[in-house]
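The primary structure of each chain is shown beneath.
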Amino acid sequence: MSEMDDLAAFAVLIEAGSFTLAAQQLGCSKGQLSKRISLLETRFSVVLLQRTTRRLSLTAAGAALLPQAQALVVQVERARQALARLKDDMAGPVRMTVPVSLGETFFDGLLLEFSSKYPEVQIELDLSNNYRDLSRDGFDLAVRSEVGNDERLVARPLLAWNEMTCASPAYLEQYGEPLTPQSLAEHRCLLNSHYSGREEWLYHQQHELLRVRVSGPFASNHYSLLKKAALAGAGIARLPSYLLQAELADGRLRWLLRDYQTRRMPMYLVHPYQGGLPKRTQVLADYLIGWFKRSGEALDRLQR
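The notes below deal with the structure included here. All values reported here derive from a predicted model rather than from experimental measurement.

What counts as what
- Residues numbered from 1 in each chain as written.
- Predicted model: local features only at pLDDT ≥ 70, side-chain atom pairs only at ≥ 80, totals over all residues.
- Heavy atoms only, no water.
- Helix = DSSP H or I, 4+ residues; strand = E, 2+ residues; numbered from the N terminus.
- Buried < 20%, exposed > 50% of the residue type's maximum accessible area, 1.4 Å probe, protein only.
- Polar contact = N/O pair within 3.5 Å; in protein donor to acceptor, adjacent residues only side chain to side chain.
- Axes fitted to C-alpha atoms, helices over the stretch in contact; angles between N-to-C directions.
- Parallel < 35°, antiparallel > 145°, perpendicular 65-115°, else oblique.
- Contact = heavy atoms within 4.5 Å.
- Nonpolar A, V, L, I, M, F, W, Y, C, P; charged D, E, K, R; others polar.
- Salt bridge = Lys/Arg side-chain N within 4 Å of Asp/Glu carboxyl O.
- Pairing = 2+ DSSP bridges.
- Phe/Tyr/Trp six-rings, centres within 6.5 Å; stacked < 30°, edge-to-face > 60°.
- Lys NZ or Arg CZ within 6 Å of the ring centre and 35° of its normal.

Here's the deal with the side chain of arginine 36
Along the chain, the position of arginine 36 falls in helix H3 (residues 30-44). Residue arginine 36 is classed as buried on the basis of its relative accessible area of 12%. Within polar-contact distance, the side chain of arginine 36 engages the side chain of aspartate 6 at 3.1 Å.

Shown next as structure tokens:
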């Protein structure tokens, strides 16, 4: 046992008033407890107790040491309670709602990296492009591109993404590469049916707005399906930059019309306003902020 353990045992002994009761509280024998007190006296070269068959009496040295030993017991108990609260705060569910395509991008990391580090956190991931009222629907976190002026919510910026025009090398080999937005009118384009103006693609160059009418063989409101179609060589797609990191890096898709800007959208991590987040929610929020930072840095390197 350490010297701190022996000091704590000394405080417990004085509080209990007998070796028998103190040994029961400490889960050891009377002989073991007596030996620990003797070792403590040896270390400090003092006598702490006057022992009789009926009672224990403190010496002057014992009386001087007792408040320090009692304070140690209090600190140990506080530490135990703090750890117990932390454990309780870390165990349990965290409900999060995110757009469908975005949730698919960090799902692997969430499932493998985060869950292996915090196995006691139970993640419930709602993939939906519909607006969720976090307080009413019972969500702890959300990722959104717009936050408005809702004073019930706290929003933290994650990254800003833009739509990138891209196609597979196979498509470009067969149909050629568009060098200007206007030439997209002659190509097979993959349309996003989530937008009412899906057949009009906008580009900016030197403060000039370019509107291009496009058409093609396939439309979907699901970014991941549009990406699959582009990978299969079905046409040219406009996809969020956060979806394209791996495909651009390994050459399965090529970024087209790089000299023309497209709309840029912010992304926020949102949670209901409250005094402090539960620890399990905070560690998940920190993980997501770190993931988006790494993703944004990787995209910046690809776009240089």
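Thoughts on unusual backbone geometry
Excluding glycine, a negative phi dihedral is what most residues carry, and trans is how most peptide bonds are arranged. The residue glutamine 206 is not glycine, and still its phi comes out positive at about 50 degrees. Within the element layout of this structure, glutamine 206 appears in the loop between strand S8 (200-205) and strand S9 (208-213). One non-glycine residue, leucine 257, lies in positive phi territory at about 55 degrees. In this structure, leucine 257 sits in the loop between strand S12 (254-256) and strand S13 (264-272).

Points about the packing of helix H2 (residues 19-26) against H3
The geometry of H2 relative to H3 is characterised by a closest axis approach of 9 Å and an angle of 95 degrees between their N-to-C directions. By the criterion of interaxial angle, the relationship of H2 to H3 is roughly perpendicular. Across the interface between the two elements, Phe19, Thr20, Ala22, Ala23 and Leu26 from H2 touch Lys30, Leu33, Ser34 and Ile37 from H3. Of the residues that constitute the contact of H2 with H3, the class distribution is six nonpolar, two polar and one charged.

Overview of the pattern of salt bridges
Per the counting criterion, the structure on display carries 15 salt bridges. The shortest N-O distance in the salt bridge between aspartate 133 and arginine 152 comes to 3.4 Å. Of this pair, aspartate 133 sits in the loop between strand S4 (121-127) and helix H6 (134-137) while arginine 152 sits in the loop between strand S5 (141-144) and strand S6 (153-167), and the two are 19 residues apart along the sequence. On the accessibility criterion, aspartate 133 (13% relative accessible area) is buried. Residues glutamate 199 and arginine 213 are paired through a salt bridge, measuring 3.4 Å at the closest nitrogen-oxygen approach. With glutamate 199 in the loop between strand S7 (188-192) and S8 and arginine 213 in strand S9, this pair connects stretches of sequence that are 14 residues apart. Relative accessible area serves as the criterion here: at 35%, glutamate 199 is assigned to the partly exposed category. According to the relative accessible area criterion, arginine 213 is exposed, its value standing at 56%.

Structural notes on the pairing of S9
The sheet contact formed by S8 and S9 spans six bridges and is antiparallel. Its bridge partner lying in S9, glutamate 200 is registered against arginine 213. Connecting S8 to the next strand, S9, in antiparallel fashion are two residues, including glutamine 206 with a positive phi near 50 degrees.

Brief notes about the packing of aromatic side chains
Considering all chains together, one arrives at five aromatic pairs under this definition. On the numbers, 5.5 Å between centres and 55 degrees between planes, the contact of phenylalanine 114 with tyrosine 287 is tilted. You can see phenylalanine 114 sitting in helix H5 (residues 100-117) and its partner tyrosine 287 sitting in helix H10 (residues 279-303), a full 173 residues away along the chain. The class for phenylalanine 114 is buried, based on a relative accessible area of 2%. Taken together, the ring pairs in this structure connect Phe114, Tyr118 and Tyr287 into an aromatic cluster. The ring of phenylalanine 139 has arginine 95 lying over it, and the distance from NZ or CZ to the ring centre is 4.2 Å.

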